[in-house]
Amino acid sequence: MLKTLFSLALALVFGHSALADEAGVKKAIEAKLGGSKVTSVTKTGYLGLYEIYADGQIFYTDEKVTAILAGSLIDGKTMKNVTAERMQKLSAINFSELPLELAIKQVRGDGKRVFATFEDPNCGYCKRLAKDMVKLDNVTIYTFLMPILSPDSLEKSNRIWCSSDRAKAWVNWMVDGKVPAGKGDCDTSAVRKTVELGQKMAISGTPTLFFKDGTRVPGAVPLAQIEKKLDDPNTSIQ
């Protein structure tokens, strides 16, 4: 009995100590970053380092914040990319909370497999992704227009949004290079709201994909990996 109580006491002491250390590191790092929002500070099991998640990025520091390390942390035993796995977890969203009315909806086949993308119409990687996604079947794709590359990106996004068939206009432009016929003179507030949403979600580049389980994947992901993720939500995309 005494042994059990002693173990519980030690757990409480060290638990509070860890929380105090994390709070101290958070305070110190926020002071050094000068205004950047630190979402979380977590003690890792590697070299006494603390994981800092701020402004949608992960970096590491020691207890006294004497150095700040940026880059991937690799587990020496398993060779797994710890940073990538943590980033997927920390940057995940609640898919059901996405304002899908702001997106262009494409349904193919039974439409059972669902995911969303944030894309710029002048993004080369987005065009490459669009050409690959033409091969997908039995999916519902929600494409959020996020014109962040140039003024022309905004013009094209508005014209696509104002087209009579938005999905067709999007695919025609991204896959075949056909300029959208819409004049961009309709209510394009959805495009503006999407840009604002992207900023709130710390989306810094296009394309960015979100799957039904909330996983966020930046960049033009190979089609085979998208297929695997759609068929098995537990699949990890690196």
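The numbering scheme is per chain: residues are counted from 1 as the chain's sequence reads. At least 70 in pLDDT is required for a residue's local features to be given in this predicted model, at least 80 for side-chain atom pairs to be given and counted, and no such filter applies to totals for whole chains, interfaces and linings, which use all residues. No hydrogens and no water enter the side-chain calculation; it runs on all heavy atoms of the structure.

With that settled, consider the overall build of the protein. The secondary structure content of the protein amounts to 7 helices and 9 strands. Viewed in the frame of its principal axes, the protein has a C-alpha envelope of about 75 × 40 × 30 Å. Relative accessibility decides the category of a residue: with a 1.4 Å probe and only protein chains considered, values under 20% of the type maximum give buried, values over 50% give exposed, and everything between is partly exposed. By the burial criterion, 41% of the 238 residues in the protein qualify as buried. Of the contacts formed within the protein by residues at least 6 apart in sequence, a portion of 61% connects residues at least 24 apart. Shrake-Rupley sampling with a 1.4 Å probe provides the accessible areas, and residues are treated as covered by the protein chains on show and by no other component. In the structure as shown, the protein presents an accessible area of about 13,300 Å², 55% of it carried by carbon and sulfur atoms. The charge count treats Lys and Arg as positive and Asp and Glu as negative. His and the chain ends do not count. Here the site of a charge means atom NZ of a Lys, CZ of an Arg, CG of an Asp or CD of a Glu. On the protein, the mean spot of the 32 positive side-chain charges and the mean spot of the 27 negative ones are 1 Å from each other. In DSSP terms, a helix is any run of H or I states spanning at least four residues, a strand is any run of E spanning at least two, and both are numbered starting from the N terminus. We call two residues in contact when some of their heavy atoms are within 4.5 Å.

Another aspect to go through is unusual backbone geometry. Cis geometry is adopted by the peptide bond preceding Pro207, which originates at Thr206 and carries an omega value of -5°. Within the element layout of this structure, Pro207 appears in the loop between α6 (189–200) and β8 (208–211). Although it is not a glycine, Asn138 adopts a positive phi angle of roughly 55°. Classification of Asn138 as partly exposed rests on a relative accessible area of 31%.

The element strand β2 (residues 50–54) is largely enclosed, with a buried count of 5 among its 5 residues. The alternating pattern of β2 places Tyr50, Ile52 and Ala54 on one face and Glu51 and Tyr53 on the opposite face, and all of these are buried. Direction of pairing for strand β1 (residues 38–43) relative to β2: antiparallel, over a ladder of 5 bridges. Of the residues in β2, the one forming a bridge with Val41 is Ile52. Strands were regarded as paired on the criterion that DSSP finds at least two bridges between them. What sits between the antiparallel neighbours β1 and β2 is a turn of 6 residues, in which Leu47 has the positive phi angle 55°. Note: β2 against strand β3 (residues 57–61), 5 bridges, orientation antiparallel.

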